[in-house]
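Listed here are the chains, written in short residue letters.
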Amino acid sequence: MKAFLLAAGLGTRLRPLTDTVPKCMLPINGTPLLDLWLDRLADAGVDEVTLNLHHLAAVVRDHVAGRSGPPRVRTVLEPELLGSAGTLLANRDWVAGESSFLVCYADNLTDFDLGLLVEAHRTSGLPATIGVFRAPDPRACGIVETGPDGVVTAFEEKPVEPRSDTANAGIYAFSPSVLDLVEGPLPRDIGYHLLPHLVGRAGTVVVDGYLLDIGTPAAYERAQREWRERASA
């Protein structure tokens, strides 16, 4: 199985930490976030990863070159950011012929078993499966509504008046055919430009366990503390 690990963000909210260290390389109790993700993907059976880069790309490439063991990592530089869906489009030949592939954001910290997402996608028969969680602040998230069968019935990115607290976790399993739904000029975003086209065509799986976006200094400090507590529990 192949996976995209999206890591091209500028990390502006984490400055000055990200002035010299790309966000995906920030250590979580001594281990770069990138390595935590690559290990989790390997555990789920992923053997090839495309890692998109922009800010401080050489730092990430040097680190990847020094890694050993699975998965194999292919880095692609984006001199101009393409957006999350734009990255998938630019590399669609890489997943052509695959039955499915995963997409994850490297700035999230989670202990979710990605194998559960893989299995849910394989058994659903649908072209997309979206990881979801209960959001403490639904207005800051993409909100997913589902029917009794778990199939997505509505999706709205960062609504002013959320109709649910079930939110997009930024963890996906897609069939390559979904890329035909992304239209318009780049950059294109998964939340704004792809997921609305998947209403009625996507299933969901609950991301249980730990999940945190480390996009701010406060969140990064919290992640370090909570990850350490979980390891010692």
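Structural data are supplied above this passage.
Residues numbered from 1 in each chain as written. Predicted model: local features only at pLDDT ≥ 70, side-chain atom pairs only at ≥ 80, totals over all residues. Heavy atoms only, no water.

Participant: I keep staring at the overall build of the protein chain and nothing clicks. Help me out?
Facilitator: Looking only at helices and strands, one finds seven helices and 13 strands in the protein chain. Relative to the globule expectation of 17 Å for 233 residues, the C-alpha radius of gyration of the protein chain, 17 Å, shows essentially globular dimensions. Along the first, second and third principal axes, the C-alpha set of the protein chain runs to 45 × 40 × 35 Å. Evaluated residue by residue, the protein chain yields a buried proportion of 51% over its 233 residues. Taking all contacts inside the protein chain whose residues are at least 6 apart in sequence as the whole, residues at least 24 apart take part in 73%. Entry remark: accessible area of the protein chain is about 10,800 Å², with carbon and sulfur atoms responsible for 50%. Taking the average location of the 21 positive side-chain charges in the protein chain and that of its 30 negative ones, the two points are 2 Å from each other. (Helix = DSSP H or I, 4+ residues; strand = E, 2+ residues; numbered from the N terminus. Rg over C-alpha atoms; globule rule 2.2 N^0.38 Å. Buried < 20%, exposed > 50% of the residue type's maximum accessible area, 1.4 Å probe, protein only. Contact = heavy atoms within 4.5 Å. Areas by Shrake-Rupley, 256 points an atom, 1.4 Å probe, with all protein chains shown as cover. Lys, Arg positive; Asp, Glu negative; His and termini not counted. Charge placed at Lys NZ, Arg CZ, Asp CG, Glu CD.)

Participant: What exactly am I supposed to notice about the pairing of strand β11 (residues 166-174) here?
Facilitator: The two faces of the sheet receive side chains in turn, since in a regular strand these alternate between them. The element β11 is extensively covered by neighbouring structure, given that nine of its nine residues are classed as buried. One ladder, built from four bridges, connects strand β6 (residues 101-105) with β11; its direction is antiparallel. Residue pairing across strands places Phe 101 opposite Phe 174, the latter belonging to β11. Bridge count for strand β8 (residues 128-134) against β11 is six bridges, and the pairing is antiparallel. The residue bridging Arg 134 from the neighbouring strand is Thr 166, located in β11. (Pairing = 2+ DSSP bridges.)

Participant: Looking at this structure, how should I read the pattern of salt bridges?
Facilitator: Oppositely charged side chains may form a pair once their charged atoms are brought near each other. Going through the model one piece at a time under the given rule, you end up with 13 salt bridges. With a closest N to O distance of 3.0 Å, Lys 158 and Glu 157 form a salt bridge. (Salt bridge = Lys/Arg side-chain N within 4 Å of Asp/Glu carboxyl O.)

Participant: Before we go on, may I ask you to explain helix α2 (residues 57-65) in this structure?
Facilitator: An α-helical turn contains 3.6 residues, so any two residues separated by three or four positions project in the same direction. Among all positions in α2, only Ala 57, Val 60 and Val 64 are buried. Across the axial projection of α2, the buried residues extend over an arc of 70°, all falling on one side. What points out from α2, more than 90 degrees from its buried face, is the exposed set Ala 58, Asp 62 and Ala 65. For α2, the elements touching its buried residues are α1 (33-43), β4 (48-53) and β5 (72-77). (Arc of directions from axis to C-beta.)

Participant: Please clarify how the packing of aromatic side chains should be interpreted in this entry.
Facilitator: Any two aromatic rings considered together are summarised by their centre-to-centre distance and by the angle between their planes. Tallied over the entire structure, the rule returns six aromatic pairs. Judged by centre distance (5.2 Å) and plane angle (75°), the rings of Phe 4 and Trp 94 are edge-to-face. Of this pair, Phe 4 sits in strand β1 (residues 2-6) while Trp 94 sits in helix α4 (residues 92-95), and the two are 90 residues apart along the sequence. Residue Phe 4 shares its accessibility class with Trp 94, and that shared class is buried. Taking 5.5 Å as the distance between ring centres and 70° as the angle between the ring planes, the aromatic pair formed by Phe 4 and Phe 101 counts as edge-to-face. Here Phe 4 is found in strand β1, whereas its partner Phe 101 is found in strand β6, with 97 residues between them in sequence. Judged by its relative accessible area of 0%, Phe 101 is buried. An aromatic cluster of three or more residues is present, and its members are Phe 4, Trp 94, Phe 101, Tyr 105, Tyr 172 and Phe 174. (Phe/Tyr/Trp six-rings, centres within 6.5 Å; stacked < 30°, edge-to-face > 60°.)

Participant: Looking at this model, I keep getting lost on helix α7 (residues 217-232). Mind explaining?
Facilitator: Its 16 residues place the ends of α7 23 Å apart at the C-alpha level, agreeing with the 22 Å of an ideal helix rising 1.5 Å per residue. Each element contacted by the buried residues of α7 is listed here: β2 (27-28), α1, β7 (108-110) and β13 (211-213). (Expected span 1.5 Å × (residues − 1).)

Participant: Any chance you could explain the nonpolar core here in plain terms?
Facilitator: One broad trend across soluble globular proteins is that nonpolar side chains are buried collectively. With 41 residues, the main nonpolar core has Leu 5, Leu 34, Leu 41 and Leu 102 as its most contacted residues. Mapped by element, the contributors of at least two residues to this core are β1, α1, β4, α2, β6, α5 (114-124), β11 and α7. Sorting elements by how many residues they give to this core places α1 first, with five residues. In this structure, Leu 41 is in contact with Ala 3, Leu 5, Val 46, Val 49, Leu 102, Cys 104 and Leu 114, ignoring residues within four places of it in sequence. Counting 26 residues, the second largest nonpolar core, distinct from the first, contains Val 103, Ala 128, Phe 174 and Leu 198. (Core = buried A, V, L, I, M, F, W, Y, C linked by side-chain atoms within 4.5 Å.)

Participant: I tried to follow the pairing of β4 on my own but got confused; where do I start?
Facilitator: Along β4, five of the six residues are buried, which leaves the element largely enclosed by surrounding structure. With five bridges connecting them, β1 and β4 associate as parallel partners. Looking across to β4, one finds that Ala 3 is bridged to Val 49. Two elements, β4 and β5, share six bridges in a ladder whose sense is parallel. Paired with Glu 48 across the bridge in β5 is Arg 72. Considered for its hand, the β-α-β crossover made up of β4, α2 and β5 is right-handed. (Right-handed = clockwise from strand over helix to strand, strands pointing away.)

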